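Given next are the chains, with one letter for each unit.
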Amino acid sequence: MEQSRLRLAISLLRQLLKFHPKPFLIAVAGASVYAVCTVASSFGLGYVVDHVIIPRYQLNLIDRHTFLIASIIVVGIGLLRAVGVVIRRSYAGISHWSTSESLSTQLIRHVMSQPSRWHQRHMTGDLVARIGVDSDTAASVLGPLPFSTSVVLLVGLTSIWLVVIDVPLGLLAVTVIPLLFGLNLGYQRRIDRHFDSAQKALGDLSEAVHESFDGVMVVKAFGAEDREHVRLATISSKLKDARIRAVNARAIFEALVDGTPSLVNVSLIAYGAVRVRSGSLTIGELSSFIYLFTLLVFPLRIIGYLLSEIPHSSSGFKRVREILDEPLEPQPTVNLLPVGSKSAVEVRSASFSYADDSEPIFTDVTFTIPVGSIVAVVGETGSGKSTLLKMIAGLINARTGSVHVTEGGSALVFQEPFLFSGSLQFNLTLGKSLPITDIARALWASVSEEFVSELDNGIDTIVGERGISLSGGQRQRIALARAIASGRQTLLLDDTTSALDPTTESIVIDRLASQSETTTTIIVASRPTTIKIADYVLFIHSGVVHDLSTHDELMLTSTPYKNLMMSFEIDRKAS
Amino acid sequence: MSMDTDQRFPSARIIGRGVTVAPALKSGIGLTFLLALFGTGARLVIPILIQQSIDHGLQPGRVDVSYIIRLCGVGSVCVVLSSFCLREATKRLGTRAEHGLFSLRSQLFDHIHRLSLEEHNNEKRGALVSRVTSDIETLTQFFSWGGLGLLLDGSQMFAVAAVMLAYDWRLALVAFVTSAPLIFVLRYVQSRLVSAHNLSRERNADFLGTVSELMAGAETLRAYGAEQTMIDTVALSMRNRRKSNVRAGVIGAFLFPSGEVFAVFTVMAVVGTGLLIGPAGGLTSGALVGFVFLTYRFLEPIAEFTEIIDQVQSAVAGLRRVLGVLDTPIGPPQSEHPRPLPQGKLSVDIQEVSFAYGARLGEDDDDTPVLHDISLHIAAGQHVALVGPSGSGKTTIARLIARLTDPTIGRVQIGGITLTDVSNDELRRRLIVVPQEPFLFANTIAYNLAFAEPHATPQDMNAAFDELGLSDWLESLPNGLDTHVGQRGSSLSAGERQLVALVRASMVKPDVLVLDEATSSVDSLTEVRISRALERLALGRTTISIAHRLSTASRADRVVMLENGRIVEDGSHGVLLGARGKYAALYEAWLNSTSGSTNA
């Protein structure tokens, strides 16, 4: 088990260090300076005791010259040690943050190269966590790691030095190393369990809290405040209990890790006295020995904390790798119609499914949409209207058959379109420089110009996260304006006008029809007024996409179509 | 830049308020500190032993081993005792902190549930959740690391200073004076460190914000071939994040060894003074060597202190936000002397009510009145439909009747009792609101029904489905009442969620029903089910529907039309149509928009 942990650590480091090895090596060098100076400082202390203090008190000698030398040694070593610390910490930080940045960059590049259907399979929040948080967690081991290397160096040097000063006393002193190491391992193993259960309790709590606040309306409506309080407090007390168990384990550990080296130290003094009596050791050497021992203890106490960083980082790194290791999926291919073609979209005996291995939603779909027409896609909820639009947009590829679209591309606008938190201007252009007339035309056609001009800063208004400062209908119209401004030849509107009132909706559609002879508009519609304006209807019924037809024809020839239209009117009948 | 001085006083006040709200945080802190003081004793045993040994047992050429061994025996006992104290101190601090934080969390749950609905909009919800989770977590982090460090390191400095003074006040004075400038260095660098940490937190939030935009908007960006602009923005925010974090790290790196640097100067000053005093001044070599050890011990905690500064800041900031929520006044307050509602059907009266959002909080924006001097009497058992364009005040009236908010002026009565005099418990048993988009808990249908009526049996639930004519739908579900509805009910369609919400409302058997009709489109079969269930639910109950479909209005006993917060028409559907007024016009427009197909 320990061995696999070690192997894990080594492979993690090898992969992390290849990004920015230099700052890490500088940090390790700084840490080494620190370790060497720490050992040397005990030598300095021994010198002070033997050559300055003892002569003064036991022989009554004062030698300014020796005091000066002693001061230079002690202060010089102290400063050098501090320099080592500054270098180590500064460069460890650089190493951590540069690596984290490189991991995030790699992730972003990879994720942005994946096609749309890959994005649909992944939750936005999860991707953000992997790019923004896990990459940081993965690299965070690089922060304390140089210190760990200095601990190893320090422990090695100190053990040798202690044994060099006095062999039997040195051997007694180094027993503390396995003792503290064992304590740390035992504690880590116990505390991991408590931390895990606390972490799980915390996860449960935030989930429950989230849901309970989300449903606050229901809680209030049923006067369930007290019941919810009890439910959440029960979950919260599990967290408290797990944390208290961890605290108890930790309290014992702290006490042991504080007391054990002190006890060893006491025995060192006792045995040291024996060694001084036998003449093997001077008082100064014993003092320096004890001082060095106390210096050794601190890093040994926190080595466990450093080791515990490794599994933490490696689980972050694993989540990063999971995304990077997913092979890049091919972008959907687009078949273009010849220039000058009279049709905007041609679908020839095509079949579609959501995933490669799932049942096809449509089979043998064939239709042709003429350039410049307005087509309403009509069908029951869940009949596959959105899927049809996505396949025309080229987001989904046909499994068999083919989809051909006109050159000039298409723009798909969703029912709940995404707006960026920047200005309206940015949302319309997405960073491209467009002529002001194009933007004005797009705002007019989407019936946005009025509300935009009423905003305090007009087109420079910041819309807030996801366009929060705009109403649903305004967001839909801005997204529509964006599609128009992009100059795409085919507009695919997936219920994009659902939040508009019927009057505004029909103005939008009229203007769309009038603004360009060559722009084709395909719109998912459920309002009869909208369907009426369209030139053609593409009717979907029980998995079959019927060829283009007009509303009037369908009313005469198709019973299911007639029934669907009736259901739009069911309210009217009921009155 | 002067954050440190500016925030000192408020920080102290915040901590003061924190312990008042959760007294467990400070209960018995005196004893904890005393235990910690004894607990750090183990760290003092060694310097004292060194001094005693050198002075009394380790004379050159004459070593008294048995004396030193006896001394070490006493030392060992002290170490064991102080370790025990350390354990107790750590345990007490941690346990009490957890109890205190538990109580803070509980107060937050309770308070947040009772906040008015304005405080619960979508923008603020995430913030409320993080008050209970991540902000309290910063406090947990603080108590288990920084707080413990402060306690132990503080007691160590305190104990060492006391022992130093007891040994030799002259040397102690020299040590204190030499290390005193460290305080100024620390204060100077600390303020920079705090603002550097604040900056990196901000930059980190910026970075996460841009990444989440990039991910959420990925499809949109790709659709317009505009990925690169956004990727560049993310790269910039990422670079800024790295720079600010590295900067904070470098400042911290200079601060960290400052205690050690001062220690070497102080040690040499102490040794120099010791040489001057000499044996004639009453000093021994053992005391001087021991003192050198004590000096190192005295300044040892500084390094850890510099690490704790940031944690203290985060903890205070977290506590400040938590207290901010607890300070937000709760929604409609509980009535102090509730009066019981009469039995049987209840009438509803709105008397000269005006309402403005935010008016009570004294905010100057957004306080244009939503309702102007409305009066409305709804007889017991009547079904009233509220109609009108969006923003006309329909939803506000429904909220006032359900006492989800109180009127700014005027009063609302049900059964002749003013709502502010009705106990919340009774009101929620007699009046039920079904919101536009009903919320279902991620659990079974049975759980969601039991939420309304905790003592309901499965038979009761089946009966409720039967009563609303929905047994066939329930039977069509794979696991009946035990069907899991998914997060927010996402395994069901919007219409099916409505169905469950209606059955849930019926479980309570309320006397007054407030229905906010859904606008989302629903397939025709479910539509029929909803209409039927609504009709049966409203039967014999005082019902107020906010009608978006005018077919609902046409079925009501009475239609009340609102415009700009005023009642403009009031009467039965037929009468209003005959009057050829605003309602008739609205109805006409609605008929046209839903009937385009047959006119074509």
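Keep in mind the model is a prediction, meaning the values are calculated, not measured.

**Observations concerning the overall build of chain B**
Looking only at helices and strands, chain B features 22 helices and 12 strands. Taken over the C-alpha trace, chain B has a radius of gyration of 36 Å; the compact-globule value for 600 residues is 25 Å, which it surpasses by more than 25%. Counting only C-alpha atoms and orienting by the principal axes, one finds that chain B spans roughly 120 × 60 × 50 Å. Counting only residues that meet the buried cut, chain B has 46% of its 600 residues in that class.

**Considerations on the pairing of strand E5 (residues 400–405) of chain A**
All names here are of chain A. Taken together, the two bridges between strand E1 (residues 335–336) and E5 define a ladder with parallel strand orientation. Residue pairing for E5: Asn 335 is matched across the bridge by His 404. Note: strand E2 (residues 343–352) against E5, five bridges, orientation antiparallel. Directly across from Arg 348, in E5, lies its bridge partner Ser 402.

**What about the sheet that holds strand E7 (residues 417–418) of chain B?**
All names here are of chain B. Read across the sheet, four strands follow the order E4-E3-E6-E7 without closing on themselves; strand pairing throughout is antiparallel. The open sheet has two edge strands, strand E4 (371–378) and E7, and neither has a second partner. Pairing geometry for strand E6 (residues 409–414) and E7, over two bridges, is antiparallel. From the neighbouring strand, Ile 414 faces E7, where its bridge partner is Ile 417. Helix-sheet contacts for helix H13 (residues 394–401) involve strand E3 (348–355), E4 and E6, and the interaxial angle to E3 is about 120°.

**Focus: the environment of Arg532(B)**
The residue Arg532(B) is located in helix H19 (residues 524–538) in this model. Note: C-alpha distance between Arg532(B) and Gln228(B) (304 residues apart in sequence) is 53 Å.

**Details of the sheet that holds strand E5 (residues 383–387) of chain B**
Residue and element names in this part refer to chain B. The six strands lie next to each other as E8-E9-E10-E5-E11-E12, forming an open sheet whose pairing is mixed. Single-partner strands in this sheet number two, and they are strand E8 (431–434) and strand E12 (566–571). Going from strand to strand, the sheet's axes swing by 15° on average, the running direction of each strand aside. Alignment of E5 against strand E10 (residues 542–546), held across four bridges, turns out to be parallel. Each residue of the ladder has a partner; that of His 383, found in E10, is Thr 543. Together, E5, E8, strand E9 (512–516), E10 and strand E11 (558–563) form the strand contacts of H13, whose direction differs from that of E10 by roughly 150°.

**Remarks on the interface of chain A and chain B**
Counting from both sides, the interface comprises 121 residues of chain A and, opposite them, 120 residues of chain B. At 31 residues, helix H10 (residues 225–277) of chain A tops the list of elements feeding residues into the side of chain A that touches chain B.

**Quick word on the packing of helix H7 (residues 181–216) of chain B against helix H10 (residues 258–277) of chain B**
The relative placement of two packed helices is expressed as an angle between their axes plus a distance between the axes. All names here are of chain B. Relative orientation of the contacting elements H7 and H10 amounts to 165°, with a least axis distance of 11 Å. For the element pair H7 / H10, the angle class is roughly antiparallel. Once H7 is placed against H10, the crossing between them reads as right-handed. In this structure, H7 uses Leu 182, Val 185 and Leu 186 to contact H10, whose residues at the interface are Ser 258, Gly 259 and Phe 262. Partitioned by chemical class, the residues of the contact of H7 with H10 number four nonpolar, two polar and no charged.

**Some thoughts on the domain arrangement of chain A**
Segmentation of chain A into domains returns domain 1 (1–165 + 309–327), domain 2 (167–280) and domain 3 (335–574). Here the C-alpha centre of domain 3 of chain A lies 58 Å away from the C-alpha centre of domain 2 of chain A.

**Quick look at the domain arrangement of chain B**
Annotation of chain B at the domain level lists domain 1 (17–168), domain 2 (169–282) and domain 3 (348–594). Of note, the centres of domain 1 of chain B and domain 3 of chain B, computed from C-alpha atoms alone, are 56 Å apart.

What counts and what doesn't
Residues numbered from 1 in each chain as written. Chains lettered and ligands numbered in written order. Predicted model: local features only at pLDDT ≥ 70, side-chain atom pairs only at ≥ 80, totals over all residues. Helix = DSSP H or I, 4+ residues; strand = E, 2+ residues; numbered from the N terminus. Rg over C-alpha atoms; globule rule 2.2 N^0.38 Å. Buried ≥ 20, exposed ≤ 12 C-beta atoms within 10 Å, placed from the backbone. Pairing = 2+ DSSP bridges. Contact = placed C-beta atoms within 7 Å. Axes fitted to C-alpha atoms, helices over the stretch in contact; angles between N-to-C directions. Parallel < 35°, antiparallel > 145°, perpendicular 65-115°, else oblique. Left-handed = near helix turned anticlockwise from the far one by under 90°. Nonpolar A, V, L, I, M, F, W, Y, C, P; charged D, E, K, R; others polar. Domains from an automatic or database assignment.

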